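What the coordinates show
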Amino acid sequence: MQNDNLKSYLHLHLIVFIWGFTAILGRLITLDALPLVWFRMLFAVFFIYWYIKYKKIPTKIPRVIIFKFLVAGLIIALHWFTFFRAIKVSNVSITLACLSTGAFFASLIEPIFFGKKIVWYEIFFGLIVVFGLTIIFNVETNYIEGIILALISAFLSASFAVINSKFVKEYDPTVISYYELTGGVLFFSFFLLFSNSFDAAFFQLSVSDFVYLMILSSICTAYAFIASTAVMKYLSPYTVMLTINLEPIYGIILAYFIFEDKEQMSSMFYIGAIIILATVIANGIVKSLKKK
């Protein structure tokens, strides 16, 4: 079990690095946030469907459970929408930095959802993350809309992680991912249909957007989504969310080299990022000591 926990933790870091690259793709894709997320989920469902067929994974589960998966899919779809919208109205660095509040949200949501007692050090580490985030915000005051959208995205991400941690104890991660992403596609499809957004222009993708969407939907969504759901069998929602705080670090570094001047960061920004990283490490140490 201890080896499984270590493997899952290392695997989670790889997934988080991939998610950091997701923000880069969101910046490169010229589509607005809503069609971007819709195409992402649609292509991802296609990839997961054929993976299920190839592996011959049974997908028959109770209808009540399928409905719960579909609703969870709406939550993750809204998370991605607010995430990419935040990138469009601000930049990669601001959006990713805001996602670090997800650990704090998870520390509050998990005890309510599971009826557990609030763990003091989880709240403490969550507050430190908020402190690091506050430092970043003090030097980046021109992106209020992006900050609000990214904070909403972080809350939705934490809620989704807590909900999924319960699902994975009983059902296959691939099946969960398939139904959840299908749910996201269905809900957004209804919205786009009733808002008369499905026109010829909607489906006209440039070559670069199509290539980026394929990468986004296959590696950054289908693979990462299934893998992240699987590791929740061995890691708590709070640990998952706190580790995801490394996503800003990975993404900001990538953005710095790819976009250069568009992602300029002050020294105080780096200080805030270091505080977040140190908190992730401290959480791992405390959890290890408590197990011993």
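About the cut-offs
Residues numbered from 1 in each chain as written. Predicted model: local features only at pLDDT ≥ 70, side-chain atom pairs only at ≥ 80, totals over all residues. Heavy atoms only, no water. Helix = DSSP H or I, 4+ residues; strand = E, 2+ residues; numbered from the N terminus. Rg over C-alpha atoms; globule rule 2.2 N^0.38 Å. Buried < 20%, exposed > 50% of the residue type's maximum accessible area, 1.4 Å probe, protein only. Contact = heavy atoms within 4.5 Å. Areas by Shrake-Rupley, 256 points an atom, 1.4 Å probe, with all protein chains shown as cover. Lys, Arg positive; Asp, Glu negative; His and termini not counted. Charge placed at Lys NZ, Arg CZ, Asp CG, Glu CD. Axes fitted to C-alpha atoms, helices over the stretch in contact; angles between N-to-C directions. Parallel < 35°, antiparallel > 145°, perpendicular 65-115°, else oblique. Left-handed = near helix turned anticlockwise from the far one by under 90°. Nonpolar A, V, L, I, M, F, W, Y, C, P; charged D, E, K, R; others polar. Patch = residues over 30% accessible without salt bridge, like charges linked within 9 Å, V, L, I, M, F, W, Y side chains within 5 Å. Salt bridge = Lys/Arg side-chain N within 4 Å of Asp/Glu carboxyl O. Phe/Tyr/Trp six-rings, centres within 6.5 Å; stacked < 30°, edge-to-face > 60°. Polar contact = N/O pair within 3.5 Å; in protein donor to acceptor, adjacent residues only side chain to side chain. Expected span 1.5 Å × (residues − 1). pLDDT = per-residue confidence, 0-100.

Moving on: the overall build of the protein chain. Regarding its fold elements, the protein chain presents 12 helices and zero strands. The C-alpha atoms of the protein chain give a radius of gyration of 19 Å, which matches the 19 Å a tight globule of 292 residues would have. Reported as C-alpha extents along the three principal axes, the dimensions of the protein chain are approximately 50 × 45 × 30 Å. Here the protein chain, with 292 residues, has 55% of them falling under the buried criterion. For the protein chain, long-range pairs separated by at least 24 residues make up 90% of all intrachain contacts whose partners lie at least 6 apart in sequence. Just so you have it, the protein chain exposes about 14100 Å², and 68% of that area is on carbon and sulfur atoms. The centroid of the 21 positive side-chain charges in the protein chain is displaced by 14 Å from the centroid of its 15 negative side-chain charges.

Positive phi values are uncommon outside glycine, yet Lys56 reaches one of about 55°. As for its position among the elements, Lys56 is in the loop between α2 (33-55) and α3 (63-89). With relative accessibility at 74%, the residue Lys56 sits in the exposed group.

Inspection of the secondary structure assignment puts Leu31 in the loop between α1 (2-28) and α2. For Leu31, a relative accessible area of 13% translates into the label buried. Through-space distance from the C-alpha of Leu31 to that of Ser165 is 32 Å; in sequence the pair is 134 residues apart.

Let us look at the packing of helix α5 (residues 102-114) against helix α6 (residues 120-139). In the contact formed by α5 and α6, the axes pass within 8 Å of each other and the chain directions differ by 150°. On the basis of the axis angle, α5 is roughly antiparallel to α6. With respect to the hand of their crossing, α5 and α6 are arranged in left-handed fashion. Contacts from Phe104, Ser107 and Leu108 of α5 reach α6 at Glu122, Ile123, Gly126, Leu127 and Val130. Residues that form the contact of α5 with α6 fall into these classes: five nonpolar, two polar and one charged.

A contiguous nonpolar surface patch, about 610 Å² in accessible area, is contributed by Leu14, Val207, Phe210, Val211, Ile215, Ile219 and Tyr223. Take the nonpolar patch: its biggest share by element is six residues, from helix α9 (residues 207-231). Counting through the fold element by element, Ile215 comes out in helix α9. On the basis of relative accessible area, Ile215 is assigned to the partly exposed category, the value being 31%.

This part takes up the packing of aromatic side chains. Inspection of the entire model under this criterion finds 25 aromatic pairs. Aromatic pair Tyr49 and Trp50: ring centres 5.4 Å apart, planes at 80°, arrangement edge-to-face. Take Tyr49: its relative accessible area is 32%, and that puts it in the partly exposed class. Judged by its relative accessible area of 48%, Trp50 is partly exposed. Aromatic side chains Tyr121 and Phe125 sit 6.2 Å apart centroid to centroid with 75° between the ring planes, which places their arrangement in the edge-to-face category.

With that settled, the discussion passes to the side chain of Ser165. Relative to the helices and strands, Ser165 is located in helix α7 (residues 144-167). Polar side-chain contacts of Ser165 include one of 2.6 Å to the backbone oxygen of Val162.

To continue, consider helix α11 (residues 246-259). Taking 1.5 Å of rise per residue, the 14 residues of α11 would be expected to cover 20 Å, and the 19 Å separating its terminal C-alpha atoms lies within 8% of that figure. Positive backbone phi, approximately 50°, marks Glu260, located one or two places after α11.

For the rest of this paragraph, the subject is the packing of α2 against helix α8 (residues 173-194). Where α2 contacts α8, the axes come no closer than 9 Å and their chain directions differ by 145°. Classified by chirality, the crossing of α8 by α2 is left-handed. Of α8, the residues touching α2 (which contributes Leu34, Val37, Trp38, Met41, Leu42, Ala44, Val45, Ile48, Tyr49, Tyr51 and Ile52) are Thr174, Ser177, Tyr178, Leu181, Thr182, Gly184, Val185, Phe188, Ser189, Phe191 and Leu192. Counted by class, the contact of α2 with α8 contains 17 nonpolar, five polar and no charged residues.

The next subject is the confidence of the model for the protein chain. Of all residues in the protein chain, 90% attain a pLDDT of 70 or more, and the chain-wide mean is 85. Taken element by element, the predicted model of the protein chain shows its lowest mean pLDDT in helix α10 (residues 237-243) (69) and its highest in α3 (95).

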